[in-house]
Amino acid sequence: MSELTKKRPEFRNINAFKDLTTYRLPVAGWVSILHRVSGALMFLLLPLIVWMFDTSVSSEISHGTFTAAFDAGIGFVPGWFVKLVTLTIIWAYLHHLIAGLRHLYMDMTHSVTKEFGKSSAIFTLALSIGLTVVLGAKLFGLY
């Protein structure tokens, strides 16, 4: 059998309903998707972020209201849920910042090898999750 008559591998598009559950996305792909998700979260929660900042720095009375929101909650929303949403904002900011710095570094140095992409993606995930755990422990009063 000659080289020309050998069957070539078949490349096809991914079927979203059948193939998506079995498709293994590389770590760099997860970081890229999470970078977009964190940016969208920060955009959608921007009114809450502005309210939190305004309430925390306006006056001593408003700062008391701000800290009471974490203990007693806001209206019908319990305090633990406010802390959880705040932790989500913290994660989104940290991940978006670190992944953005990763992309900037890769753009400036032209380090676009598979090995560097994988190692920097693992570093990005580890650092953003680690810092989120540390700040979350502080937020929930563990230290």
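The rules behind each value
Residues numbered from 1 in each chain as written. Predicted model: local features only at pLDDT ≥ 70, side-chain atom pairs only at ≥ 80, totals over all residues. Heavy atoms only, no water. Helix = DSSP H or I, 4+ residues; strand = E, 2+ residues; numbered from the N terminus. Rg over C-alpha atoms; globule rule 2.2 N^0.38 Å. Buried < 20%, exposed > 50% of the residue type's maximum accessible area, 1.4 Å probe, protein only. Contact = heavy atoms within 4.5 Å. Areas by Shrake-Rupley, 256 points an atom, 1.4 Å probe, with all protein chains shown as cover. Lys, Arg positive; Asp, Glu negative; His and termini not counted. Charge placed at Lys NZ, Arg CZ, Asp CG, Glu CD. Polar contact = N/O pair within 3.5 Å; in protein donor to acceptor, adjacent residues only side chain to side chain. Patch = residues over 30% accessible without salt bridge, like charges linked within 9 Å, V, L, I, M, F, W, Y side chains within 5 Å. Salt bridge = Lys/Arg side-chain N within 4 Å of Asp/Glu carboxyl O. Axes fitted to C-alpha atoms, helices over the stretch in contact; angles between N-to-C directions. Parallel < 35°, antiparallel > 145°, perpendicular 65-115°, else oblique. Nonpolar A, V, L, I, M, F, W, Y, C, P; charged D, E, K, R; others polar. Expected span 1.5 Å × (residues − 1).

1. As for the overall build of the protein chain
Then, number 1: Each helix and strand counted, the protein chain has five helices and zero strands in total.
Then, number 2: Each helix (α) and strand (β) of the protein chain, taken in turn from the N terminus, gives the series α-α-α-α-α.
Then, number 3: Relative to the globule expectation of 15 Å for 143 residues, the C-alpha radius of gyration of the protein chain, 22 Å, shows a markedly less compact shape.
Then, number 4: By principal-axis analysis of the C-alpha atoms, the protein chain measures approximately 85 × 40 × 25 Å.
Then, number 5: Counting over 143 residues, the protein chain shows a buried share of 26%.
Then, number 6: Residue pairs at least 24 apart in sequence account for 62% of intrachain contacts in the protein chain once pairs closer than 6 positions are excluded.
Then, number 7: As displayed, the protein chain has an accessible area near 10,700 Å², and 70% of this comes from carbon and sulfur atoms.
Then, number 8: In the protein chain, 12 positive and 8 negative side-chain charges are present, and the distance between their average locations comes to 13 Å.

2. Focus: the side chain of Ser120
Then, number 1: You can see Ser120 is positioned in helix α5 (residues 114-139).
Then, number 2: Among the polar contacts made by the side chain of Ser120, one reaches the side chain of Arg102 at a distance of 2.7 Å.
Then, number 3: Polar contacts involving the side chain of Ser120 include one to the main-chain carbonyl oxygen of Phe116, which spans 2.8 Å.
Then, number 4: In contact with Ser120, not counting residues within four places along its chain, are Arg102 and Met106.

3. Some thoughts on a nonpolar patch on the surface
Then, number 1: Taken together, the side chains of Trp80, Phe81, Leu84, Val134, Phe140, Leu142 and Tyr143 make up a nonpolar region of the molecular surface, amounting to roughly 760 Å² of accessible area.
Then, number 2: Looking at which element gives the most residues to the nonpolar patch, the answer is helix α4 (residues 79-109), with three residues.
Then, number 3: Of note, Leu84 is situated in helix α4.

4. Here we look at the side chain of Thr55
Then, number 1: The residue Thr55 is located in helix α2 (residues 46-57) in this model.
Then, number 2: Beyond its immediate chain neighbours, meaning those up to four positions away, Thr55 contacts Ser62, His63, Thr65 and Phe66.

5. As for the packing of helix α3 (residues 60-71) against α4
Then, number 1: Contact geometry for α3 and α4: axes closest at 5 Å, N-to-C directions at 105°. By the criterion of interaxial angle, the relationship of α3 to α4 is roughly perpendicular. Contact residues: α3 offers Ala69, Phe70 and Asp71, while α4 offers Gly79, Val82, Lys83 and Thr86.
Then, number 2: Per-class residue counts for the contact of α3 with α4 are three nonpolar, two polar and two charged.

6. Describing helix α1 (residues 27-44)
Then, number 1: Under the 1.5 Å per step criterion, the end-to-end length of α1 is 25 Å for 18 residues, consistent within 8% with the ideal 26 Å.
Then, number 2: Gly29, Val31, His35 and Ser38 are the residues of α1 that are buried.
Then, number 3: Where α1 is buried, its residues meet α4 and α5.

7. Brief notes about the environment of Arg102
Then, number 1: When you line up the elements, Arg102 lands in helix α4.
Then, number 2: Assessed through its relative accessible area of 9%, Arg102 is described here as buried.
Then, number 3: Distance from Arg102 to Val134, taken between C-alpha atoms, is 21 Å for residues 32 residues apart in sequence.
Then, number 4: If we skip the residues at most four places from it in the chain, Arg102 touches Ala28, Val31, Gly117, Ser120, Ala121 and Thr124.
Then, number 5: Reaching out from Arg102, the side chain makes a polar contact with the backbone oxygen of Gly117 at a distance of 3.1 Å.

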